[in-house]
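Residue-level listing of the chains:
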Amino acid sequence: MTDLLWPGDHRAGDVFSDRAFVAAMIRVEQAWLRARGFDGDIRYVGDLEALSIASEEGGNPVIPLLSGISDAPPELHKGLTSQDVLDTALALCLRDAAARIRDDLDRSVIACAALADRHRHTPMAGRTLTQHAIPITFGLKASGWLQGLLDARDRLPDTDLPIQLGGAAGSLAAPAALAGSPEKTREWVTAAAQDLGLTVRAPWHTTRSPVTAAGDALVTCTDACGHLANDVLLSARPEIHELTESPEGGRGGSSAMPNKQNPVLAILIKRAALAGPPLAATLHAAAAAAVDERPDGSWHVEWATLRTLARRTVVAVSQTAELLSGLRVDAGAMASTLAAARPGIDAEQRKYDDGDGSYRGATDEIIDAALARAAPQRGEG
C-alpha cells in the first residue's frame, strides 16, 4: 500500500493497510471464539477489492467479511455486532502504528540528544518573534526539540487501548444471554481482551474518547516533528545556512535547477505537521456528533481518518529520525551570525550580566534535564 501523492508513504509499510485491517478483524473474531471455548482458527479467503465494494451494502466491511471466512463455525460472531469487531480492529492497528512510531521516536531521541550534548557550548543567535533576541547555544535549541519528542513518546497509546465488546446496543445483552450471566460475560470479555493484549472497559460505542485520545497522541508526535523541521527549514536558508540536511543519495535535487539541494525531509515533515491537526479535529467533531447507541456517519468518518493520520505519523517520525541522524551543524555560520548581531543582541546581557561574560543562565541544567529524560533511549537508564 503506497500513496503516490504522499511521498514517503512506503515507509509505513503494511501499517493500517486493508490487508492489515482485515487480519485485525479476523483476530477479533478468533479471540471471541476462543474466549467462549470454541476453535478460533479461522481465515478470510475472499478478495480485498470485492470486500471493499461489498462493504457499501451494509455500510461497513464486517458484514461481507463474515461471508468470506472459510469453514466458518456456527458460533462465529455470535454475541457481537459489527461495531465491536471494527472498533477493536482499529485498536489493534493503532497499537501496531504506535509501536512503529515509538521505535522511530527512540531513534530521533538518540540523535537529538547527541546534538544537544555535542553542541551545548556552540554559540548562536537566539531568535524570538523572528528577530535576534539574546545569545544561546545550539545545544539549548536541540534540547527543546528533545523535550518535545519525549513528550510525544509519553503520550503514545500502548497498553491502554481498549477492546470494544458491547453487543448490538452496548448493553452486552446478547453476550450475557449466551453466557448465562453478566459475570460469565465479563470473564469472556476479559479473556478476549487478554488474547488480543488490550484493556477492558465498559462498551464505548458512542463514547469516543479512546479514538480522540489516540488521534491527539498522533498529532502530538507530528507537532514535535514539525517544530524541529520548521527550525531546520529556517536555518537551511542560504542566507543563514546554520543547518543543512544530509545530501545522501542525491536527495533534495531539482528537476530544473541543478544548483539546488532542497531540505526535502524537513519539507515533508512540515507537510505532515500541517495535515495532522485537521484530521484530529475530524475525530473530535465525530465524537461530539455521536448519537443514540451507534453513531450515524460520525462513526464511519473515523476509520479512514485514523488510518490516514496513523500512516502519516509513522512516515513523519521515520523521516524525522533520518533528518536528525544526518543533520549538519555549521558552527562557523552560527558564530558569524551571532557576531554580526552584536552589539544589539547583547543589550539584555548588559543589564543583567554577572560579569563572567557567558550569559548562559541555566543552559547546562536545561540540557542535562532533557538528557536525563532521554537516558533510557540512550541505554543509560
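All values derive from a computational prediction rather than experimental measurement.

Asker: Would you explain the pairing of strand 2 (residues 131-137) in this entry?
Answerer: The side chains of a regular strand alternate between the sheet's two faces. Taken together, the five bridges between strand 1 (residues 123-128) and strand 2 define a ladder with antiparallel strand orientation. Looking across to strand 2, one finds that arginine 127 is bridged to histidine 132. Once strand 1 ends, the chain turns through two residues before running back antiparallel as strand 2, passing leucine 129 with a positive phi of about 55°.

Asker: Hey, could you run me through the nonpolar core in this one?
Answerer: Grouped burial of nonpolar side chains is what soluble globular proteins tend to show. Counting residues in each nonpolar core, the largest one holds 94 residues, and the members touching the most others are Phe138, Trp145, Leu146 and Leu149. Once residues lying within four places of it in the same chain are set aside, the contact partners of phenylalanine 138 are Leu115, His119, Thr122, Met124, Trp145, Leu243, Leu327, Val329 and Met334.

Asker: How do you make sense of the packing of helix 9 (residues 264-288) against helix 10 (residues 300-326) when you look at a structure like this?
Answerer: What describes two packed helices is the angle between their axes and the distance between those same axes. In the contact formed by helix 9 and helix 10, the axes pass within 9 Å of each other and the chain directions differ by 155°. Between helix 9 and helix 10, the angle falls in the class roughly antiparallel. Crossing handedness for the pair helix 9 and helix 10: left-handed. Residues belonging to the contact of helix 9 with helix 10 are distributed by class as follows: 16 nonpolar, six polar and four charged.

Asker: Even after reading the chapter, I still don't get the side chain of glutamine 30, so can you show me in this structure?
Answerer: Mapping glutamine 30 onto the fold places it in helix 1 (residues 18-35). Sequence-distant contacts of glutamine 30, defined by excluding residues within four places in its chain, comprise Gly40, Asp41 and Ile42.

Asker: Looking at this structure, how should I read helix 13 (residues 363-373)?
Answerer: Given 3.6 residues per helical turn, the α-helix brings residues three or four places apart onto the same face. Those residues of helix 13 lying buried are Thr363, Ile367, Ala370 and Leu371. The arc that holds every buried residue of helix 13, seen down its axis, measures 100°, which confines them to one face. Away from its buried face, by an angle of more than 90 degrees, helix 13 presents the exposed residues Glu365 and Ala372.

Asker: Please explain the packing of helix 1 against helix 4 (residues 82-118) as it appears in this structure.
Answerer: The N-to-C vectors of helix 1 and helix 4 enclose an angle of 120°; their axes lie 8 Å apart at closest approach. In terms of axis orientation, helix 1 runs oblique to helix 4. Where helix 1 crosses over helix 4, the two elements pack in a sense that is right-handed. On helix 4, the residues touching Ala20, Phe21, Ala24, Met25, Arg27, Val28 and Glu29 of helix 1 are Asp84, Val85, Leu86, Thr88, Ala89, Leu90, Leu92, Cys93 and Arg95. Among the residues making up the contact of helix 1 with helix 4, the classes are represented as eleven nonpolar, one polar and four charged.

Asker: Just to check I follow, could you spell out the pattern of salt bridges for this structure?
Answerer: Pairing is possible between side chains of opposite charge, provided their charged atoms come close. This structure, assessed with the given rule, holds 21 salt bridges. Two residues, aspartate 18 and arginine 307, come together in a salt bridge whose shortest N-O distance is 2.7 Å. Of the two residues, aspartate 18 sits in helix 1 while arginine 307 sits in helix 10, which places them 289 residues apart along the sequence. Owing to a relative accessible area of 41%, aspartate 18 belongs among the partly exposed residues under this scheme. Classification of arginine 307 by relative accessible area gives partly exposed; the value is 22%. Note that arginine 373 is salt-bridged to aspartate 151, the shortest N-O span being 2.9 Å.

Asker: When you look at unusual backbone geometry in this model, what are you seeing that I'm missing?
Answerer: With the exception of glycine, most residues fall at negative phi, and the peptide bonds are largely trans. For the bond running from arginine 342 to proline 343, omega is 10°, close enough to zero to count as cis. Non-glycine residue leucine 129 carries a positive phi angle of around 55°. Of note, leucine 129 is situated in the loop between strand 1 and strand 2.

Asker: Would you explain the side chain of threonine 88 in this entry?
Answerer: With respect to the helices and strands, the residue threonine 88 is situated in helix 4. In this structure threonine 88 comes out as buried when scored by relative accessible area, which is 0%. A polar contact is formed between the side chain of threonine 88 and the backbone nitrogen of glutamine 164, at a distance of 2.9 Å. Apart from the residues within four sequence positions on either side, threonine 88 is in contact with Val28, Gln83, Ile163, Gln164, Leu196 and Leu198.

Parameters at a glance
- Residues numbered from 1 in each chain as written.
- Predicted model: local features only at pLDDT ≥ 70, side-chain atom pairs only at ≥ 80, totals over all residues.
- Heavy atoms only, no water.
- Pairing = 2+ DSSP bridges.
- Helix = DSSP H or I, 4+ residues; strand = E, 2+ residues; numbered from the N terminus.
- Core = buried A, V, L, I, M, F, W, Y, C linked by side-chain atoms within 4.5 Å.
- Buried < 20%, exposed > 50% of the residue type's maximum accessible area, 1.4 Å probe, protein only.
- Contact = heavy atoms within 4.5 Å.
- Axes fitted to C-alpha atoms, helices over the stretch in contact; angles between N-to-C directions.
- Parallel < 35°, antiparallel > 145°, perpendicular 65-115°, else oblique.
- Left-handed = near helix turned anticlockwise from the far one by under 90°.
- Nonpolar A, V, L, I, M, F, W, Y, C, P; charged D, E, K, R; others polar.
- Arc of directions from axis to C-beta.
- Salt bridge = Lys/Arg side-chain N within 4 Å of Asp/Glu carboxyl O.
- Polar contact = N/O pair within 3.5 Å; in protein donor to acceptor, adjacent residues only side chain to side chain.

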